[in-house]
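As a plain string of letters, each chain reads:
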Amino acid sequence: MVDYKSLGLVNTREMFKKAINGGYAIPAFNFNNMEQLQAIIKASSETKSPVILQVSKGARNYANQTLLRYMAQGAVEYAKELGCNHPEIALHLDHGDSFEVCKSCIDFGFSSVMIDGSALPYDENVALTRKVVEYAHQFDVTVEGELGVLAGVEDDVVAEESHYTKPEEVIDFVSKTGVDSLAISIGTSHGAYKFKPEQCTRDPKTGKLVPPPLAFDVLDAIMEKLPGFPIVLHGSSSVPQEYVDTINANGGKLPDAVGIPEEQLRKASKSAVCKINIDSDSRLAFTAAVRKVFNEKPAEFDPRKYCGPARDLMTELYEHKIKNVLGSENRLADLG
Ligand SMILES: [Zn+2]
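Described in the following lines is the structure provided in the data block. (Residues numbered from 1 in each chain as written. Predicted model: local features only at pLDDT ≥ 70, side-chain atom pairs only at ≥ 80, totals over all residues.)

Section: unusual backbone geometry
To keep things clear, this is the line we draw: Here a helix means four or more residues in a row that DSSP labels H or I, a strand means two or more in a row labelled E, and each is numbered from the N terminus. Partly exposed residues are those whose C-beta has more than 12 but fewer than 20 other C-beta atoms within 10 Å; 20 or more makes a residue buried and 12 or fewer makes it exposed, with C-beta atoms placed from the backbone.
Of note, the phi angle at Asn 64 is positive, near 90°, even though the residue is not glycine. Position of Asn 64 among the secondary structure elements: in the loop between helix H3 (57-63) and helix H4 (65-81). On the basis of neighbour counts, which here come to 12 C-beta atoms within 10 Å, the residue Asn 64 falls in the exposed class. Despite not being glycine, Asn 330 shows a phi value in the positive range, around 60°. Following the sequence through the fold, Asn 330 ends up in the segment after helix H12 (303-326).

Pasting the structure below:
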């Protein structure tokens, strides 16, 4: 049993409380490799923002769970080197799909876990989530549950159609399970193709797709049922057009990729939404930078010469999200 507190990590309880009261959201960035982690820690340290490092099933398969946890431990020390005396970094399991997976992460030093029973019948979701909460809370690890189904593809999480969270279920779910935060479905979705072209309108000037707005009425109804309770949005990449354009100009093919407009995430951040998950945007930044180098310098074969620019572009992206979208800049308790 590894106590996350001994690694310098924190759970999400205090982060979320402050985020709700302060009208901002904590960034939850997924990481799979060193460059991505460096970019996340550099961006969050320079902006003095709390941050949630997320590990998905795909990341565990790709990079190895043990290695990722040691990397997160190293990230705490790296943040200190960058001038954050008391960094607020949570290590969070994204989309845990069984009690066993959650338990193994908790036992190994994760400070927060998600148990995603959203595809199960309601009563089974309640039972599974409750079981994880009972285990996690013994070790002061926070738990995120989910109600409602997001469409899209994220690693092994695939759903054809979304189902909005039913506001009439949230009080029962939260009180029966004891979860610390709740992921909801209000129109965000996983991946870089969040909407089919037929769900969107087209901007007559640019020909670009304009996605349908998020269901703020559903969010409002949920907040009315659960005043002050931390809400989480998954699948909240914005799919920046500049990255898509760079990718497509350098040999890529991403037609009609579309995400959630940043103004809508900004608006959500000011509400009880206190954790916003962003993954695809960093994948796009990485790919855009690498494609550009490969296209412009076909003789390049040193991975540092293309992973380095990828890291720089991801750092820029994360800083932008923190400062201009989520509003979590300068929110560390100790800004020293
Ligand atoms: Zn997700």
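On we go from here.
A few points about the pairing of strand S12 (residues 273-278)
Just so we agree on the cut-off: Strands qualify as paired when DSSP identifies two bridges or more between them.
Burial runs high along S12: six of the six residues are buried. The sheet contact formed by strand S1 (residues 26-30) and S12 spans four bridges and is parallel. From the neighbouring strand, Pro 27 faces S12, where its bridge partner is Ile 276. The pairing of strand S11 (residues 231-233) with S12 spans three bridges and is classified as parallel. Looking across to S12, one finds that Ile 231 is bridged to Val 273.

Overview of the environment of Ala 268
Which entries qualify depends on this criterion: Distance between backbone-placed C-beta atoms decides contact: two residues are in contact if it is within 7 Å.
Assignment of secondary structure puts Ala 268 in helix H10 (residues 262-269). Discounting chain neighbours no more than four positions away, the residues touching Ala 268 are Leu 214, Leu 219, Leu 233 and Val 273.

What about the pairing of strand S4 (residues 112-115)?
This is how it is decided: By convention, orient the strands away from the viewer: a clockwise path from the first strand over the helix to the second makes the crossover right-handed.
Covered by surrounding structure in S4 are Ser 112 and Met 114 together with Val 113 and Ile 115, the residues of both alternating faces. Taken together, the three bridges between strand S3 (residues 89-96) and S4 define a ladder with parallel strand orientation. Bridged to Gly 96 within S4 is Ile 115. Considered for its hand, the β-α-β crossover made up of S3, helix H5 (residues 99-107) and S4 is right-handed. By the bridge criterion, three bridges tie S4 to strand S5 (residues 142-147) in an arrangement that is parallel. Following the sheet pairing, Val 113 is matched in S5 by Val 143. Between the parallel pair S4 and S5, the chain is carried across by helix H6 (residues 122-137), and the sense of this crossover is right-handed.

Some words on the sheet that holds strand S8 (residues 181-184)
For clarity, the cut-off: Here an angle of 0 to 180 degrees is reported between the N-to-C directions of two axes, which are lines fitted to C-alpha atoms, with helices fitted over the stretch in contact.
If you walk around this closed barrel you meet the eight strands as S1-S2-S3-S4-S5-S8-S11-S12, and the pairing is parallel. Strand after strand, the sheet turns through a mean of 25° between neighbouring axes, direction not considered. Running at roughly 165° to S3, H5 makes contact with S3 and S4 of the sheet.

What about H5?
Residues three or four positions apart in an α-helix share a direction because the helix packs 3.6 residues into each turn. The condition that has to hold: In this description, one arc is meant: the one made by directions from the helix axis to the C-beta atoms.
When we look at burial in H5, the residues that qualify are Cys 102, Cys 105 and Ile 106. Viewed end-on, H5 has its buried residues packed into an arc of 100°, placing them on one side of the element. Tucked inside the fold, the buried residues of H5 contact S3, S4 and H6. Just beyond H5, the residue with positive phi is Gly 109, at close to 110°.

By themselves, these figures tell us nothing about what the structure is for.
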